[in-house]
2 protein chains.
Amino acid sequence: MKLSTRTRYGMRAIIELAENDRKRPLQLKVIAQRQDISAKYLEQLMVVLKSAGFVRSIRGAKGGYLLAKAPNQIKLSDIFHCLEGTVSTVECIENEDYCKRAADCVARQVWTQVQEAIENVLQSITLQDVVDRAKGDKALDYQI
Amino acid sequence: MKLSTRTRYGMRAIIELAENDRKRPLQLKVIAQRQDISAKYLEQLMVVLKSAGFVRSIRGAKGGYLLAKAPNQIKLSDIFHCLEGTVSTVECIENEDYCKRAADCVARQVWTQVQEAIENVLQSITLQDVVDRAKGDKALDYQI
DNA sequence: ATAATATACTACTAATTTAGTAGGAATAAT
DNA sequence: ATTATTCCTACTAAATTAGTAGTATATTAT
């Protein structure tokens, strides 16, 4: 049950933006370099994040990307849904017609529980929380 | 974050076995038919479940498959791990060397939380629980 | 013994998805 | 004008997943 690089890269990229000053745009190139991601590939992921309204872009020289909302207004679940094409662990959760057994399928019940557990975690964390956590970690480093 | 059919099919198959009388073997063909799975494909999944010790088989005429342990001794997490090749949402959770940033990567922390949530759900459910649930559902049907 | 019924094993193939590349167009700053 | 950047579209490569095929082996029943 691996996450796609799509989701992994996209999440890391938007965390970079959340950690970045919201006034100065951060260039794709820089994010790609810092996160060791193919710039061309990341470009496509940014399109997705942009059209979903999480980031905005400034074109041309000195352009780049910015977080479009306050980091405490963006839940990880939102980003996750936007990146990971399929939200559900199994098709039949969203689409009951997918399988005729759906209505009384115990396996489906289990996968629903799993999915809800995932949702709960991701809904409970905002980008702000992630940024705070990162800062906390760094503060800890200095104490050593 | 879709589950592989491997996991979905395998889980449904072993639930069939758990629902079945533990004395009489259930044939692959029957499971495949009931669950609408390619018999030849399921065959390969049964090998996996067998070598992991969850099911045992009886060859030859009147043969088939049986649950190898009491259903209350098999947690869904065990089956899940055995079927779903990769247990972790991201490689770096198990293998810290996979990425040099791992040690202080906040994304990694998030995925770890997600993974733990999944584990918790699956560890809390045994095959017996699933069987009981299925029976409960059927009992409910009759009342209508 | 032989036929019938099952699982066991190995190898191949097809389909789908995922990841990544390429190249140029549009836009903005200097 | 030149440079730096995002934007857009299409293509390609790699990997994974799902499924098929055929043969070997074991067991039961007649």
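An account of the accompanying structure is given in this report. For clarity, every value in this text was computed on a predicted model and none was experimentally measured. (Residues numbered from 1 in each chain as written. Chains lettered and ligands numbered in written order. Predicted model: local features only at pLDDT ≥ 70, side-chain atom pairs only at ≥ 80, totals over all residues. Heavy atoms only, no water.)

The next subject is the protein's contact with DNA strand C. Around DNA strand C, 26 residues are found, and the nearest of them are Lys40 and Gln44 of chain A together with Glu43, Lys50 and Ser57 of chain B. Within 4 Å of the protein, atoms of DNA strand C come from sugar and phosphate in 62% of cases. Taking Tyr41 of chain A, its side chain carries an N or O atom lying 3.4 Å from a phosphate oxygen of DNA strand C. For the surface near DNA strand C, the elements supplying multiple residues, two or more each, are helix 1 (5-19) and helix 3 (39-51) of chain A together with helix 2 (28-35), helix 3 (39-51), strand 1 (55-58) and strand 2 (64-67) of chain B. Here the element with the most residues in the surface near DNA strand C is helix 3 of chain B; it accounts for four residues. When its residues are assigned to classes, the surface near DNA strand C shows seven nonpolar, 10 polar and nine charged. (Near = heavy atom within 4 Å. Polar contact = N/O pair within 3.5 Å; in protein donor to acceptor, adjacent residues only side chain to side chain. Helix = DSSP H or I, 4+ residues; strand = E, 2+ residues; numbered from the N terminus. Nonpolar A, V, L, I, M, F, W, Y, C, P; charged D, E, K, R; others polar.)

Under the fitted operation, chain B is carried onto chain A by 0.0 Å of movement along the axis and a turn of 180 degrees, and the coordinates agree to an RMSD of 0.0 Å. The relationship between the two copies is best expressed as a two-fold rotation axis. Among all residues of chain B, the one whose C-alpha sits closest to the rotation axis is Ala117 of chain B, at a distance of 2.9 Å. Looking at the interface residues of chain B, 100% of them are also at the interface in chain A, so both copies use one shared face. (Least-squares fit on C-alpha atoms with pLDDT ≥ 70 in both. Contact = heavy atoms within 4.5 Å.)

Let us now look at the interface of chain B and chain A. With 38 residues of chain B in contact, the opposing surface of chain A contributes 38 residues. Between chain B and chain A, a total of about 3700 Å² is buried, with carbon and sulfur atoms accounting for 65% of that surface. Summed over the shared surface of chain B and chain A, the result is two salt bridges. Across the salt bridge formed by Glu91 of chain B and Lys2 of chain A, the nearest N and O atoms sit 3.1 Å from each other. Along the contact surface separating chain B from chain A lie 10 residue pairs in polar contact (both at pLDDT 80 or more). (Buried area = accessible area lost by both parts, 1.4 Å probe. Salt bridge = Lys/Arg side-chain N within 4 Å of Asp/Glu carboxyl O.)

All names here are of chain B. Packing of helix 1 (residues 5-19) against helix 3 leaves a shortest axis separation of 10 Å and a crossing angle of 75 degrees. Here helix 1 lies roughly perpendicular to helix 3, going by the angle between them. Where helix 1 approaches helix 3, its residues Thr5, Arg6, Tyr9, Gly10, Ala13, Ile14 and Leu17 are matched on the opposing element by Tyr41, Leu42, Leu45, Met46, Val48 and Leu49. For the contact of helix 1 with helix 3, the class distribution of residues is 10 nonpolar, two polar and one charged. (Axes fitted to C-alpha atoms, helices over the stretch in contact; angles between N-to-C directions. Parallel < 35°, antiparallel > 145°, perpendicular 65-115°, else oblique.)

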